[in-house]
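Chain by chain, the residues:
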Amino acid sequence: MKTEKSQVALSKLIFTMNWEDPLSDIKTLNIKKGDVLMTISSGGCNTLEFLLHDPGKIYAVDINQAQNHLLNLKKVAIKHLNHDEFIQLMGIIAGNNNLDLYDRIIPYLDEACVDFWNTKKDLIKKGILMGGRYERFVLLAKKVIGFLQGKGRVRRLFEPKDLESQKEFFDSTFNTWRFRKMFDLLFNKRRLAKRGLSADYFHFDDGSKSFAESFYSRARKAMRDIPIVGNYFLHLYLRGAYRDLDEVPNYLKEENFETLKERVDRIECVTMDAKEWMISMPDNSLDGLSLSNICELKSEEDSNELFDQVLRISKNNGRCCFRNLMIPREVPEYLEDSIIKDEELSAQLIAEDRSFVYSKVAAYEIAK
Ligand SMILES: C[S@@+](CC[C@H](N)C(=O)[O-])C[C@H]1O[C@@H](n2cnc3c(N)ncnc32)[C@H](O)[C@@H]1O
């Protein structure tokens, strides 16, 4: 199935994990026991992470059915496997019986989900988490960076050090001309312009004048100014796997597994455009919305209509978090007094964002 224009076919698994820092959404949403939340399913990690904060219900909405097949598989695996088996199926620890684990959970999956995963047995065998299109791109980027920088230099970047030594190492050793040149190659102006992305039309929040400059400064921040220890995103981008079983999202940690088991049924996966789903919801029914960066995949008009719905379905004092990767979407001016940006928190979120590729991560409170 194809959507409008250049959107990717909606049956393909694009993400097998989330590449957004869940701490940003957790700080924004300030989740309280019993809250009703809406998330974008994507790789499912952040939705599972939010469960640890005890919401009553999470609607995980995604326009791509494949992403919900993924989240459903994760839910069922959490419910019916033990922790070691679950992280083995995810590909975090090695094992040679992933297909047996899959066979054990098949009875709990719906038919469409089984049909989908039956075509992905090679991925199941390998372990799932680095198997979406985006993750395969990340593995390629890792190879390129390893080639340009040398594996030794990448390894030394991750050796534990305090923030001052991390800055010193980046400035003196990692920040080579080859490293900087890589961004010019990756974000080649002509190639981007062909895809309709001309930097002339953009206002970069960091003051950059081109995509290459902006992405270079995002990477520089992650490698230089944000502690590398604890940044599992950077480790995934540069080394293709989690560092160890401690430096993983909380939903993968053994100590949280029983809590997740008890709560996974609170997630309801919905395959639909987010705005259309919102239209189907009653007024004042949501405590928090985590919108990923879907606004920039919509036209400005459609994005504005989505925020009309955010306001309608949110409770007074409800919270909302969203990001931009490239296209500068914002709450429309006519809603600024009702969907109010928390400037201080938003500045903190972007400064501390471990997932670092976003130009904007912003927090809003609803006032009715
Ligand atoms: C916007 S993408 C970005 C991925 C994200 N940065 C992450 O780390 O997970 C996340 C998900 O949004 C979904 N999506 C895009 N537009 C949507 C829409 N209008 N309604 C619902 N889901 C949408 C995609 O199918 C994808 O799974």
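Analysis parameters
- Residues numbered from 1 in each chain as written.
- Predicted model: local features only at pLDDT ≥ 70, side-chain atom pairs only at ≥ 80, totals over all residues.
- Heavy atoms only, no water.
- Helix = DSSP H or I, 4+ residues; strand = E, 2+ residues; numbered from the N terminus.
- Expected span 1.5 Å × (residues − 1).
- Buried < 20%, exposed > 50% of the residue type's maximum accessible area, 1.4 Å probe, protein only.
- Contact = heavy atoms within 4.5 Å.
- Pairing = 2+ DSSP bridges.
- Axes fitted to C-alpha atoms, helices over the stretch in contact; angles between N-to-C directions.
- Near = heavy atom within 4 Å.
- Polar contact = N/O pair within 3.5 Å; in protein donor to acceptor, adjacent residues only side chain to side chain.
- Areas by Shrake-Rupley, 256 points an atom, 1.4 Å probe, with all protein chains shown as cover.
- Phe/Tyr/Trp six-rings, centres within 6.5 Å; stacked < 30°, edge-to-face > 60°.
- Lys NZ or Arg CZ within 6 Å of the ring centre and 35° of its normal.
- Patch = residues over 30% accessible without salt bridge, like charges linked within 9 Å, V, L, I, M, F, W, Y side chains within 5 Å.
- Salt bridge = Lys/Arg side-chain N within 4 Å of Asp/Glu carboxyl O.
- Lys, Arg positive; Asp, Glu negative; His and termini not counted.
- Charge placed at Lys NZ, Arg CZ, Asp CG, Glu CD.
- Domains from an automatic or database assignment.
- Buried area = accessible area lost by both parts, 1.4 Å probe.
- Nonpolar A, V, L, I, M, F, W, Y, C, P; charged D, E, K, R; others polar.

Caption draft 1: The arrangement of helix α17 (residues 300–313) in detail. Helix length check: α17 (14 residues) gives 20 Å between terminal C-alpha atoms against 20 Å at 1.5 Å per residue, within 8%. When α17 is considered as a whole, its buried residues turn out to be S303, N304, L306, F307, Q309, V310, L311 and I313. If you follow the buried residues of α17, they end up packed against α16 (274–279), β4 (286–290), β5 (314–324), β6 (339–341) and β7 (360–366).

Caption draft 2: View of unusual backbone geometry. Backbone geometry places S42, a non-glycine residue, at a positive phi of 45°. Structurally, S42 can be placed in the loop between β1 (36–40) and α2 (45–51). Of note, S292 is a non-glycine position whose phi angle comes to about 50°, a positive value. On the basis of relative accessible area, S292 is assigned to the buried category, the value being 9%.

Caption draft 3: Geometry of the sheet that holds β1. Reading across the sheet, the seven strands line up as β3-β2-β1-β4-β5-β7-β6 and stay open at both edges, with mixed pairing between neighbours. Sheet topology places β3 (267–271) and β6 at the edges, where each strand pairs with a single neighbour. Adjacent strand axes in the sheet meet at a mean angle of 20° when their direction is disregarded. With six bridges joining them, β5 and β7 adopt antiparallel strand pairing. Paired with N324 across the bridge in β7 is K360. The sheet strands contacting helix α3 (residues 65–80) are β2 (57–62) and β3, and the helix crosses β3 at an angle near 160°. Contacts between helix α18 (residues 343–352) and the sheet are confined to β5, β6 and β7, with β7 contributing the most and set at about 155° to the helix.

Caption draft 4: Inspection of the site of the ligand at higher detail. Close to the ligand lie 19 residues; W19, S42, D62, D273 and Y358 are nearest. Within the side chain of D273, one N or O atom sits 2.7 Å away from a nitrogen atom of the ligand. Alone, the ligand offers 570 Å² of accessible surface; in the complex the protein occludes 93% of this.

Caption draft 5: Summary view of the packing of aromatic side chains. Throughout the structure, instances matching the rule amount to 18 aromatic pairs. Taken together, a centroid distance of 4.5 Å and an interplanar angle of 35° make the contact between Y232 and F233 tilted. Cation over ring: K120 sits above F116, and NZ or CZ is 4.9 Å from the ring centre. Positioned above the aromatic ring of F215 is the side chain of R218, whose terminal nitrogen or guanidinium carbon lies 4.0 Å from the ring centre.

Caption draft 6: A positive patch on the surface, seen in detail. Taken together, K12, K126, R133 and R136 make up a surface patch of like positive charges. Here K126 shows up in helix α7 (residues 121–126).

Caption draft 7: Focus on the domain arrangement of the protein chain. Taken domain by domain, the protein chain comprises domain 1 (22–130 + 249–366) and domain 2 (133–239). Averaged C-alpha coordinates put domain 1 and domain 2 at centres separated by 26 Å. Between domain 1 and domain 2, the residue contacts involve 19 residues of the former and 23 residues of the latter. On the domain 1 side of the contact with domain 2, M130, M326 and F356 bury the most area, a combined 43% of that side's loss. The interface formed by domain 1 and domain 2 contains zero salt bridges. Applying the counting criterion to the domain 1 and domain 2 interface returns five residue pairs in polar contact (both at pLDDT 80 or more). Top element by residues in the side of domain 1 that touches domain 2 is α18. It accounts for three residues. Classifying every residue of the side of domain 1 that touches domain 2 gives 13 nonpolar, two polar and four charged.

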